[in-house]
Amino acid sequence: MTHIETDVLIVGAGGAGMYAAIGAARAGAKRVLLVDKSLVGRGGATIMAQMTVAAALGEEAPDDWPLHLADTLAAGRGLCDENLAAVLCREAPVRIREMDGWRVGWARRDGHIAQVTAPGHSRPRCCYVDFLNTGPAVAATLRRRVSRIDAIRRVSNLIVTDIVTTGGEAVGAVALDQAEGEPVTIATNAVVIAAGGLSRLFRRNSASANMGGDGYALALAAGADLVDMEFVQFFPIGHLAPRLVGMDPIMWDPFRYKLGGRLLDGNGREFLADYGSDESTGYTTPRDIATYAIQKEVAAGRGSPHGGVYLSFTHVPRGDLDAAFGPVIERLARNGIDLGRMPVEVAPIAHYQMGGIAVDETMATRVPGLYAAGEAVGGANGANRLSGNAIPEALVFGERAGRFAAAHAKARRDGWDAKRAAPAVDAIRRLRDGQRGNASAAALLEELREVMWREVGPFRTAAGLVGAANRLASMRRALADLTVEPGRAFNPTLADWFELRAGLIAAEAVTQAALARQESRGAHQREDFPDTDPAWTCRQRVALRPDGGLALKAVR
Ligand SMILES: Cc1cc2nc3c(=O)[nH]c(=O)nc-3n(C[C@H](O)[C@H](O)[C@H](O)COP(=O)(O)OP(=O)(O)OC[C@H]3O[C@@H](n4cnc5c(N)ncnc54)[C@H](O)[C@@H]3O)c2cc1C
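Residues numbered from 1 in each chain as written. Predicted model: local features only at pLDDT ≥ 70, side-chain atom pairs only at ≥ 80, totals over all residues. Heavy atoms only, no water.

Enquirer: Before we go on, may I ask you to explain the site of the ligand in this structure?
Expert: Taken together, 39 residues sit near the ligand, with D36, A45, T46, T52 and E375 positioned nearest. In this structure, G15 approaches the ligand through a main-chain N or O atom, which is 3.1 Å from an oxygen atom. At a separation of 3.3 Å, a nitrogen atom of the ligand approaches a polar backbone atom of Q50. Within the complex, 99% of the 1,000 Å² of free accessible area of the ligand lies under protein. Here the residues of the shell around the ligand sort into 17 nonpolar, 16 polar and 6 charged. (Near = heavy atom within 4 Å. Polar contact = N/O pair within 3.5 Å; in protein donor to acceptor, adjacent residues only side chain to side chain. Areas by Shrake-Rupley, 256 points an atom, 1.4 Å probe, with all protein chains shown as cover. Nonpolar A, V, L, I, M, F, W, Y, C, P; charged D, E, K, R; others polar.)

Enquirer: Looking at this model, I keep getting lost on the domain arrangement of the protein chain. Mind explaining?
Expert: By a widespread convention, an interface's size corresponds to the accessible area lost as its parts come together. Along its sequence, the protein chain is organised into domain 1 (20-231 + 351-417), domain 2 (238-349) and domain 3 (419-555). Here domain 1 and domain 2 have C-alpha centroids that lie 30 Å from each other. Taken together, the contacts link 19 residues of domain 1 with 22 residues of domain 2. Of the roughly 1,700 Å² buried between domain 1 and domain 2, counting both surfaces, carbon and sulfur atoms make up 59%. If you look at where domain 1 meets domain 2, you find 1 salt bridge. The residue D288 makes a salt bridge to R77 at a minimum N-O spacing of 2.7 Å. Here the side of domain 1 that touches domain 2 is built from residues that sort into 7 nonpolar, 9 polar and 3 charged. (Domains from an automatic or database assignment. Contact = heavy atoms within 4.5 Å. Buried area = accessible area lost by both parts, 1.4 Å probe. Salt bridge = Lys/Arg side-chain N within 4 Å of Asp/Glu carboxyl O.)

Enquirer: Explain the packing of helix α2 (residues 65-75) against helix α3 (residues 82-101) to me, please; I cannot follow it from the model alone.
Expert: Between two packed helices, the angle of one axis relative to the other and the distance separating the axes together describe the packing. Between α2 and α3, the shortest axis-to-axis distance is 9 Å and the interhelical angle comes to 135 degrees. Between α2 and α3, the interaxial angle falls into the category oblique. Here α2 and α3 pass one another in a crossing that is right-handed. The segment α2 lies against α3, with W65, H68, L69, T72 and L73 engaging E82, A85, A86, C89 and R90. Partitioning the contact of α2 with α3 into residue classes produces 6 nonpolar, 2 polar and 2 charged. (Axes fitted to C-alpha atoms, helices over the stretch in contact; angles between N-to-C directions. Helix = DSSP H or I, 4+ residues; strand = E, 2+ residues; numbered from the N terminus. Parallel < 35°, antiparallel > 145°, perpendicular 65-115°, else oblique. Left-handed = near helix turned anticlockwise from the far one by under 90°.)

Enquirer: Looking at this model, I keep getting lost on the nonpolar core. Mind explaining?
Expert: Generally speaking, a soluble globular protein has its nonpolar side chains buried in company with each other. Ranked by size, the top nonpolar core spans 136 residues in total, and within it W106, F202, I357, F397 and L448 carry the most contacts. Here this core gathers at least three residues from each of two domains, domain 1 (20-231 + 351-417) and domain 3 (419-555). The contacts of W106, once residues within four sequence positions are left out, are V53, I96, M99, D100, I113, C127, Y128, V129, T134 and V138. Core analysis: the second largest hydrophobic core is formed by 37 residues, M51, I294, L332 and I349 among them. (Core = buried A, V, L, I, M, F, W, Y, C linked by side-chain atoms within 4.5 Å. Buried < 20%, exposed > 50% of the residue type's maximum accessible area, 1.4 Å probe, protein only.)

Enquirer: Just to check I follow, could you spell out the sheet that holds strand β18 (residues 356-357) for this structure?
Expert: In any sheet, the strands associate via hydrogen bonds between backbone groups, in a parallel or an antiparallel arrangement. Pairing is antiparallel in the open sheet, where 4 strands are placed in the order β18-β13-β22-β23. Either end of the sheet is taken by a strand with one partner, and the two such strands are β18 and β23 (550-555). In terms of strand pairing, strand β22 (residues 539-544) meets β23 through 6 bridges, oriented antiparallel. Across the sheet, the residue bridging to Q540 is A554, located in β23. Contacting β13 (226-227), β22 and β23, helix α14 (residues 492-516) runs over the sheet at an angle of about 45 degrees to β23. (Pairing = 2+ DSSP bridges.)

Enquirer: Sorry, what's going on with the sheet that holds strand β16 (residues 309-312) here?
Expert: Spatially, 4 strands are ordered β14-β17-β16-β15 in an open sheet, and the strand pairing comes out antiparallel. A single partner strand is all that each edge strand has here, and the edge strands are β14 (232-241) and β15 (262-264). Ignoring strand direction, the axes of neighbouring strands in this sheet form an average angle of 45 degrees. For β15 and β16, the ladder comprises 3 bridges, and the chain directions are antiparallel. Within β16, the residue paired with R262 across the bridge is S312.

Enquirer: Would you mind showing me how to read the pairing of β14 here?
Expert: Where a strand is regular, its side chains alternate between the two sheet faces. Most of β14 sits out of view: 9 of its 10 residues are buried. Here 7 bridges tie β14 to strand β17 (residues 344-353), and the two strands are oriented antiparallel to one another. Counted as the bridge partner of Q233 is Y352 from β17.

Enquirer: Where do I start with unusual backbone geometry in this structure?
Expert: What you tend to see is this: most non-glycine residues have negative phi, and most peptide bonds are trans. Geometrically, the link from A241 to P242 is a cis peptide bond, its omega value of -5 degrees lying close to zero. Tracing the backbone shows P242 in the loop between β14 and α6 (252-259). Although it is not a glycine, M363 adopts a positive phi angle of roughly 70 degrees. The residue M363 is located in the loop between β18 and β19 (370-372) in this model. At F490, a residue that is not glycine, the phi angle is positive and equals roughly 45 degrees. Using a relative accessible area of 47% as the deciding quantity, one classes F490 as partly exposed.

Enquirer: Looking at this model, I keep getting lost on the packing of aromatic side chains. Mind explaining?
Expert: Each aromatic ring pair is characterised by the separation of its centres together with the angle its planes make. Scanning the entire structure with this criterion turns up 12 aromatic pairs. Plain terms: the ring middles of W252 and F313 are 6.2 Å apart, the flat faces sit at 35 degrees to each other, and that makes the pair tilted. Highlighted residues: W252 in helix α6 and F313 in the loop between β16 and α8 (318-325), separated in sequence by 61 residues. For W252, a relative accessible area of 0% translates into the label buried. Their ring planes at 90 degrees and their centres at 6.4 Å tell us that F271 and Y275 sit as a pair that is edge-to-face. Residue classification places Y275 among the partly exposed positions, given a relative accessible area of 22%. (Phe/Tyr/Trp six-rings, centres within 6.5 Å; stacked < 30°, edge-to-face > 60°.)

Enquirer: Quick question: what am I supposed to make of the pattern of salt bridges here?
Expert: Opposite charge on two side chains permits pairing when their charged atoms draw close. The tally for this structure, following the rule as stated, stands at 45 salt bridges. The closest approach of N and O atoms between D100 and R108, which form a salt bridge, is 3.0 Å. With a relative accessible area of 22%, D100 lands in the partly exposed category. In this structure, the salt-bridge partner of E279 is R256, at a minimum N-O distance of 3.1 Å. One end of the pair, E279, is in the loop between β15 and α7 (287-299); the other, R256, is in helix α6, with 23 residues separating them in the sequence.

Enquirer: Any chance you could explain the environment of A187 here in plain terms?
Expert: Along the polypeptide, A187 turns up in strand β11 (residues 182-187). Accessibility expressed as a relative area gives 5% for A187, which makes it buried. When the C-alpha atoms of A187 and V227 are compared, they prove to be 28 Å apart, with 40 residues separating the residues in sequence. Apart from residues no more than four positions distant in its own chain, A187 is found in contact with H3, I4, E5, T6, V171, G172 and W416.

Enquirer: Please clarify how the packing of helix α12 (residues 441-456) against helix α13 (residues 462-478) should be interpreted in this entry.
Expert: Where α12 meets α13, the closest approach of the two axes is 9 Å, and the angle between their N-to-C directions is 165 degrees. Put simply, α12 runs roughly antiparallel to α13. Where α12 crosses over α13, the handedness of that crossing is left-handed. Contacts between α12 and α13 involve L444, E447, L448, V451, M452, E455 and V456 from the former and G464, L465, A468, R471, L472 and M475 from the latter.

Right under this line is the structure:
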């Protein structure tokens, strides 16, 4: 069995993980291990991000980070962790300019970095590389930087299954090497969880395959708290129909920035004004309000044929369409879509998790030696995230987590204890030799996504949430009785089993927090409690009890 020793272990190599590795190495860590369950720098959400990166650069119009903070707090509907939000807004320009120096290629206008106004931002603040290309450019730039730093060792195809603790401190991890089907143990002085979000837990989502909530499950099991888990952002205008092959379901957003576009109900009527949003000056409606409005129109029987609403650019002159969409126009034509003549159907899809691992401003959890970064962290965005705040969150929190984890690692002695890793190692060995059971993890993953979409999606009720919580708990009990096929190299049934185990606990955290919060606020909409209740201006923390259940606590 492979055993690796390192100073700082980083779990997940998206934007947050790669910046954490750079931050740790710059802070003096001699051995930084960056691992990912897919290929380093090519999995997760970062590489899929399309456009907006919010930072108060003031290149397009006067701006400063306190103005960005004010917008972030307003969007968060009173629930942002103000300290984390301030860190995000203050340091975003530093990271964006640093990446500019690394030639990420931020789009320029008249020699300065171009910035557009995204919904909820009070001024043009979002930079981008190119429409539909920001995430790939950010990921490629960080991959290049990481590969030039000798202290950083990169390992792909490693699923971290457990964080190892001794005396309440994080001292290592156990992982499944997918290529060999073998356990790997990792001794370290600090761990950064940068494993991204959980939108893949919902049937309709914008996610890549590996955004199934692993980071939240790892943190809970290690003794850390989660916070704000009920706040899952649903991206309002995910593509619904007609069928669109080879394109991203959230591709319409950049074109809304360029051209506005109109959201219409099934009868061709604009409806956002009915929900207090005025789009006469362009694309301004925040995501929580747009999602709410679309869901309400559909529920009232005014939806489009496939159960969404229409997004129309038919009023835009053909020349403007061609200029804005460029080569995308041809790809749409290959899918039978002519935007000059027809609207498309759109509907909300799960997109981003506002909640996550509870950390302080040094990105430290309450478990000494355990840090978190990126979308895995909860709090900065409260009940609703502004467009463009997630990429800077990954970069800013990543850099900080790496830096502070390296400082912690320097001051610590090796605390590795192989005995503490043994149960996790044994679990991998037992499962990879095969297990006969009543069902497959793949089937339960499908059901999990269906349950989460139906009962814990954009609209929630007590009855639906209770039903979901019960079903999730019984699925968790069934884990011991699932079939895992014997086989070592890239055994999908083994990977599915671990994905399901993590996904179930993350899903339970979302469901129970949603059930407890008896009000509607931001992305959390309860049909049985439709109003925002000032008494609920508090955040909920979730912890794992010794019996495996979840404990919720409201904090003010
Ligand atoms: C389609 C799409 C478009 C988006 N567009 C924008 C945008 O325009 N602007 C914006 O600000 N935000 C956008 N976002 C959100 C933003 O991209 C993410 O919030 C951000 O990139 C998260 O970065 P991260 O590093 O925290 O996580 P990720 O980039 O998701 O990386 C997490 C990594 O962890 C790995 N991992 C997970 N579990 C394990 C495990 N158990 N062991 C080892 N590795 C593991 C994954 O493979 C992955 O590589 C978009 C998201 C999506 C899905």
